[in-house]
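Here is how the chains run, residue by residue.
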Amino acid sequence: MSTPHINAEKHEIAKVVLMPGDPLRAKYIADTFLTDVKQFNSVRNMFGYTGLYNGRRISVMGSGMGMPSIGIYSYELFKFYDVDTIIRIGSCGAYTKTLKLYDTILVTEAFSESSFAFAQGKCEEDTLPASKTVNEKLEAISKELDIPVVKGKIHSSDVFYRQFPEEILKLAQEKELLGVEMESFALFHNANVTNKNAACLLTVSDSLVTSESTTPEERQTAFTNMMKIALEMAE
Ligand code: HPA
């Protein structure tokens, strides 16, 4: 079978799919952490792979950047490929000084001014929750692995380059938003309308309030931490 954006058979994709934004990060995860890897998608270079993590099956596929992009791929995976759970593993910009670069965030809710949920399914909410069950599992895994996570609400924004960036920090304070990324709100909405599960782990890659900098090694370790938590969701 095939959908407009994924050229795979149903059985080639696992029930749990990890979604980094960058398809090359999906390839890196498959190459580095999985065995018995089979690539299931290359349409538009949005690479997807299925393999084994410590003997348990899991898939990993790029989502692209922004809600329209993750909206397409997550809907096709949930609706046409019988995927049960999608966990986004991405990066975010910090809105608060209490977050340090490379902290790992376990997203509890995504706030957005985006019209995605309304346009897709007349959903009028501006804040959507992650799956409670999946989040409980991810939190338990993080404790077992001794990798601390910060839990909280994030901003799913449609805009990366803002004309008035100073205004966004007011909104962040008002709505108690930890940081900003560009995908979770659409992912959580698609999980709701298809009765599936979605969650999101984020690594703080930059800060909108400080100008901290770190080394490439610190960066790699931080992303690896997030991946290790998510990979334990393999079945
Ligand atoms: N804005 C939006 N998305 C992001 C950012 C940002 O500053 N950093 C990482 N993802």
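1. A closer look at the overall build of the protein
No. 1: Along the protein, the regular secondary structure elements total seven helices and 10 strands.
No. 2: The globule rule puts the C-alpha radius of gyration for 235 residues at 18 Å, and the 17 Å found for the protein is close to it.
No. 3: Across its three principal axes, the protein shows a C-alpha extent of roughly 45 × 40 × 30 Å.
No. 4: Taking all 235 residues of the protein together, the buried fraction comes to 54%.
No. 5: Total accessible area on the protein stands at roughly 11300 Å², and carbon and sulfur atoms take up 50% of it.
No. 6: One finds the centroid of the 24 positive side-chain charges in the protein at a distance of 3 Å from the centroid of its 31 negative side-chain charges.

2. Brief notes about the layout of surface pockets
No. 1: In this structure, the largest pocket occupies an estimated 580 Å³ of space.
No. 2: Elements with a minimum of two residues in the lining of the largest pocket: strand E5 (85-94), helix H5 (165-175), strand E9 (179-181), strand E10 (197-207) and helix H7 (216-231).
No. 3: Among the elements that make up the lining of the largest pocket, the one with the highest residue count is E5 (six residues).
No. 4: Residue composition of the lining of the largest pocket, grouped by class: 14 nonpolar, seven polar and seven charged.

3. Let's talk about the site of the ligand
No. 1: For the ligand, the full set of nearby residues is Ser 91, Cys 92, Gly 93, Phe 160, Val 180, Glu 181, Met 182, Ser 205, Asp 206 and Leu 208.
No. 2: Ser 91 places a main-chain nitrogen or oxygen 3.5 Å from a nitrogen atom of the ligand.
No. 3: Here a nitrogen atom of the ligand sits 3.0 Å away from a polar atom, N or O, in the side chain of Asp 206.
No. 4: Contact with the protein chains hides 87% of the accessible area of the ligand, taken as 260 Å² for the molecule alone.
No. 5: Elements represented by at least two residues in the shell around the ligand include exactly E5, E9 and E10.

4. A few points about the pattern of salt bridges
No. 1: The tally for this structure, following the rule as stated, stands at 11 salt bridges.
No. 2: The salt bridge partner of Lys 143 is Glu 139, with a shortest N-O separation of 3.6 Å. Of this pair, Lys 143 and Glu 139 both sit in helix H4 (residues 132-144), four residues apart, which is roughly one turn of the helix.
No. 3: Residue classification places Lys 143 among the exposed positions, given a relative accessible area of 60%.
No. 4: Here the salt bridges share partners, and the residues they tie into one network are Arg 88, Glu 181 and Glu 183.

Definitions and limits used
- Residues numbered from 1 in each chain as written.
- Predicted model: local features only at pLDDT ≥ 70, side-chain atom pairs only at ≥ 80, totals over all residues.
- Heavy atoms only, no water.
- Helix = DSSP H or I, 4+ residues; strand = E, 2+ residues; numbered from the N terminus.
- Rg over C-alpha atoms; globule rule 2.2 N^0.38 Å.
- Buried < 20%, exposed > 50% of the residue type's maximum accessible area, 1.4 Å probe, protein only.
- Areas by Shrake-Rupley, 256 points an atom, 1.4 Å probe, with all protein chains shown as cover.
- Lys, Arg positive; Asp, Glu negative; His and termini not counted.
- Charge placed at Lys NZ, Arg CZ, Asp CG, Glu CD.
- 1 Å grid on protein atoms, 1.4 Å probe; cavity = no way out; pocket = protein on both sides within 12 Å on 5 of 7 lines; lining within 4 Å.
- Points joined across faces, edges and corners; volume = space filled by probe spheres on them.
- Nonpolar A, V, L, I, M, F, W, Y, C, P; charged D, E, K, R; others polar.
- Near = heavy atom within 4 Å.
- Polar contact = N/O pair within 3.5 Å; in protein donor to acceptor, adjacent residues only side chain to side chain.
- Salt bridge = Lys/Arg side-chain N within 4 Å of Asp/Glu carboxyl O.

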